[in-house]
Amino acid sequence: MSPRRLLSMAATLTAAVLLTASCSRTNEATRASVVETATNDFITPVYERLSSTTTDLSVAVSDFCDEPSETTLLTVQTGLAETEAAWHRSATVRIGPTKWRRTMNAFSTKADGERIEALIDNDEIAVLDTDFIGSRTATTQRGLGTVRYLLGGLEGNESVSIDSAADLRRCEYLSATSDAMRLEAVELNSEWTESWNDGSPYIEILLSSDPEKTVDELVNNSIFVLEELYMVRLQALIDRDAPAEFGGIVGDIAFRNRFDSVRQILVGSDGVSGLSGLVTDDLAQRLRDQTDQIETINASISQLADPNDSTSVEELRLAVEQLQITASTDLASQLGVTLAFSDADGDSG
Amino acid sequence: MLTATPDNATTIPADASRFDALRWTLVRPVDAASVAVFRILFGSVTSIGSVRVLAKGWVDDLYLTPTHHVSYAGFGWVRPLPELLMYGLVLMLAVAGAFIAVGYLYNYAMSFFVAGFTYIELIDATLYLNHYWFVSLLAVLMLVLPVNGYWSVDAARGRTNRSDSVPNLTVVALRSQIAVVYLFAGLAKLNTDWLLRAQPMQLWLADRAEVAVVGPILAEPATAFLLSWSGALFDCTIVGWLLWGRSRRFGYAAVALFHLATGALFSIGIFPLVMMTATLVYFSPDWPKQLRRYVSRAACWPAKHTSPTKLQPKPTIRPWLAGFLAMFALVQISLPLRHYFYEGNVRWTEQGYYGSWRVMLSEKVGYLRYEITDKDSGETWTVDPELLLTDWQTAQVSIRPDLIVATAHMLRDHYQTLGVAVEVRANTAVTLNAKPNQQIVDPTVDLTTVSRLSSGSDWLVKLEQTE
């Protein structure tokens, strides 16, 4: 048999196999469909929610400053908790305009009490307005942490003196900080849903862009958030050197919502969508089991900072680590996220 | 000194012994055009490759930015040069490549290239690439083989003896080097992951499911099986197809198709270009002249009279060169087989991996954290390898046991400079070809007590799903 004939037979055989394969393809989840579902069911609602909670918070602060009372203060505290929850829930989807606008600076959870007090006491600054706070202060002097500080400390569970919180200068600061977050959230939501860079809304751009890159970004963000939950928050609690913001109510809100952000990306709200739709059944099941386990353990912990719960915190930490391992090895491998060739036969260009 | 005997003979005598026949085959003169083109293409590709490194900013990203480099065992003394010199070196490699291509100051250029390129490759083991190893080996061969006597500036200027012919051994050596790559790459593919699970091909192709038109076909398991089997068949047999005169053109077409396809589908840099240019040496030694004649005829250019190449009747090969090539061949065959001296699956343990041509064979992704224990206080804490390494270094370290140990040693030294004596243990998880992740290093072993070159029996965890 001549080489030409061999080649011809091989080509025919290949064509036949590929044709059969293409005809038999089932309607499975694709990266594009997963990105679409995540965008419609999670990303869009997340930024709409952030916009509405910051608006509510801003109104509540205004009401409190106009009429300080336990009721109006409670509304502010509730609004703050909901804004914190909405912000943390966006942890894995801070992509596109959220990343480019550096929205995280506007919603900083850190606060520097000394610098905040110095700003309040600074007579040279006549008015602490939204523009000043939003553009001319450090990230530790604005955002969520600063609002929490102005309401009575970062723990948020200390008794707040209504009179001190409603002090004119503090209220001015509180209003400006809340309003700066509102403005940022509204503009951000507009860029996601109405128009980005005077063009199409970013949602449309995202849905028409390469889904592989979006999936890569979502996986990496999920791994990063899990790393942060494991290394920074839970390890810090176990080591007993946790900054105040990691414990108590604030830490609890952060953990629950940041983890929920990861869960939404990995397995979706229904437990079967998300990135798990792109991997083997075995791995999808493992992702579901591991996320369920974390939720179960976390639900059993009333206060993460409670020293009596250290065993549960350790249990939670190990569960988070297991999910992090699964995401950064099996999931990343099956989705081809980290390295195209781990035996390094390619170059990263 | 090996010589072609008897004098002035151009064909092997009928009564020659087998040894004489072999000797004659190796020293008989063949046209130098093929190896001259090989040199031109090699120099061009390496020059382009060096420019590419500069253009992509890799000098900074890969060599200057990392605060620590993970060395090869025994090469911890190799460190990057200062910034200006590092850029200068890569620039000079590009110039050297150009000099090699045109055959100008060839010996100096090639010596510089071998030293400079090898030095750069030795800086960081996380940057190991099979095709860079291949380039290093070709460069060494081309330094000792007579590839600069034809179509070179040096020959034209009389800096070296102009010669229309080279000993056949020159062509044989280059072909053999390429054959080693294909054959060992093919043999390495004869495993159950590759043949019976079509892994890691399925993983890679599924990642291309949304490529326009062909994406859905690529994502089909049947396609992965087809490509896995044909890839193994290609690697195992291509040398034969290229050596056999009747199939050579089809063989080369397959080479081109294979490397163009892999180049289009996967991010493998200059590897397809290297292989497609290198395999041209399998054509008849005078193929460039045949091609020139063919093109002239096809284009109806006026025929330029060229006298037939006068082949040297008595080419010689110096004994040192023969000895060197014999040793070189021995090393080439031994290196890919040395993993048999280690326990376990080489794709998992990677003991005996370097230089073994396990090309595009594994998809490994890892997770790595170190547990540091203060020897004095007993206090233990967790450390991310990114304390010392960049993210791309960490990605490689976390899947290679010897690099996990090397990084543990670096952490030990790091804490030593802070005045803390520590034990270092590794918490690892690695997935190989879509198998569930598992530990690769025993988490109870203090890695500061482990040698990188040890057998691994006391610190490596075996792959659970063995073949």
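Computed from a predicted structure; not experimentally measured. (Residues numbered from 1 in each chain as written. Chains lettered and ligands numbered in written order. Predicted model: local features only at pLDDT ≥ 70, side-chain atom pairs only at ≥ 80, totals over all residues. Heavy atoms only, no water.)

Residue and element names in this part refer to chain B. On the basis of which strands lie adjacent, the open sheet formed by 3 strands has the order 6-5-7 and antiparallel pairing. Both edges of this open sheet fall to strand 6 (380-383) and strand 7 (422-432), since each of them pairs with a single strand only. Taking the axes of each pair of neighbouring strands and ignoring which way they run, one obtains an average angle of 20° across the sheet. Where strand 5 (residues 364-374) and strand 7 come together, 11 bridges link them in antiparallel fashion. In the sheet register, Tyr370 faces strand 7, and the bridge partner there is Ala426. Against the sheet, helix 19 (residues 401-417) contacts strand 5, strand 6 and strand 7, and its axis sits at roughly 30° relative to strand 5. (Pairing = 2+ DSSP bridges. Helix = DSSP H or I, 4+ residues; strand = E, 2+ residues; numbered from the N terminus. Axes fitted to C-alpha atoms, helices over the stretch in contact; angles between N-to-C directions. Contact = heavy atoms within 4.5 Å.)

The subject of this paragraph is the domain arrangement of chain A. Residue and element names in this part refer to chain A. For chain A, the assigned domains read domain 1 (31-206) and domain 2 (210-335). With 24 residues of domain 1 at the interface, the matching set in domain 2 holds 29 residues. The contact between domain 1 and domain 2 buries some 2500 Å² in all, and 62% of this surface belongs to carbon and sulfur atoms. If you look at where domain 1 meets domain 2, you find 2 salt bridges. (Domains from an automatic or database assignment. Buried area = accessible area lost by both parts, 1.4 Å probe. Salt bridge = Lys/Arg side-chain N within 4 Å of Asp/Glu carboxyl O.)

Turning our eyes to something else, we now look at the domain arrangement of chain B. Residues and elements named next belong to chain B. If you check the domain split of chain B, you get domain 1 (32-163), domain 2 (169-358) and domain 3 (363-449). Once you take the C-alpha centre of each, domain 1 and domain 2 turn out to be 21 Å apart. Each partner contributes to the interface: domain 1 provides 29 residues, whereas domain 2 provides 37 residues. Summed over both sides, the interface between domain 1 and domain 2 buries roughly 3000 Å², with carbon and sulfur atoms accounting for 81% of that surface. In this assembly, domain 1 and domain 2 are joined by 4 residue pairs in polar contact (both at pLDDT 80 or more). At the level of secondary structure, the elements contributing two or more residues to the side of domain 1 that touches domain 2 comprise helix 2 (33-55) and helix 6 (130-144). By residue number, the principal contributor to the side of domain 1 that touches domain 2 is helix 6, which donates 12 residues. A per-class count over the side of domain 1 that touches domain 2 returns 24 nonpolar, 4 polar and 1 charged. (Polar contact = N/O pair within 3.5 Å; in protein donor to acceptor, adjacent residues only side chain to side chain. Nonpolar A, V, L, I, M, F, W, Y, C, P; charged D, E, K, R; others polar.)

All names here are of chain A. According to the stated counting rule, one finds 1 disulfide over all chains in the structure shown. Sulfur-sulfur distance for the disulfide between Cys65 and Cys171 comes to 2.0 Å. Note on the Cys65 and Cys171 pair: the S-S dihedral is about -95°, so by sign convention the disulfide is left-handed. Pair noted here: Cys65 is in helix 2 (residues 31-66) and Cys171 is in helix 10 (residues 168-193), with a separation of 106 residues, a long-range link. (Disulfide = S-S within 2.5 Å.)

All names here are of chain B. Interaxial distance between helix 4 (residues 83-102) and helix 5 (residues 106-123) falls to 9 Å at its minimum, and their mutual angle equals 140°. Put simply, helix 4 runs oblique to helix 5. With respect to the hand of their crossing, helix 4 and helix 5 are arranged in left-handed fashion. Across the interface between the two elements, Met86, Leu89, Val90, Met92, Leu93, Ala96, Phe99 and Ile100 from helix 4 touch Tyr106, Ala109, Met110, Phe112, Phe113, Gly116, Phe117, Tyr119, Ile120 and Ile123 from helix 5. Here the contact of helix 4 with helix 5 is composed, by residue class, of 17 nonpolar, 1 polar and no charged. (Parallel < 35°, antiparallel > 145°, perpendicular 65-115°, else oblique. Left-handed = near helix turned anticlockwise from the far one by under 90°.)

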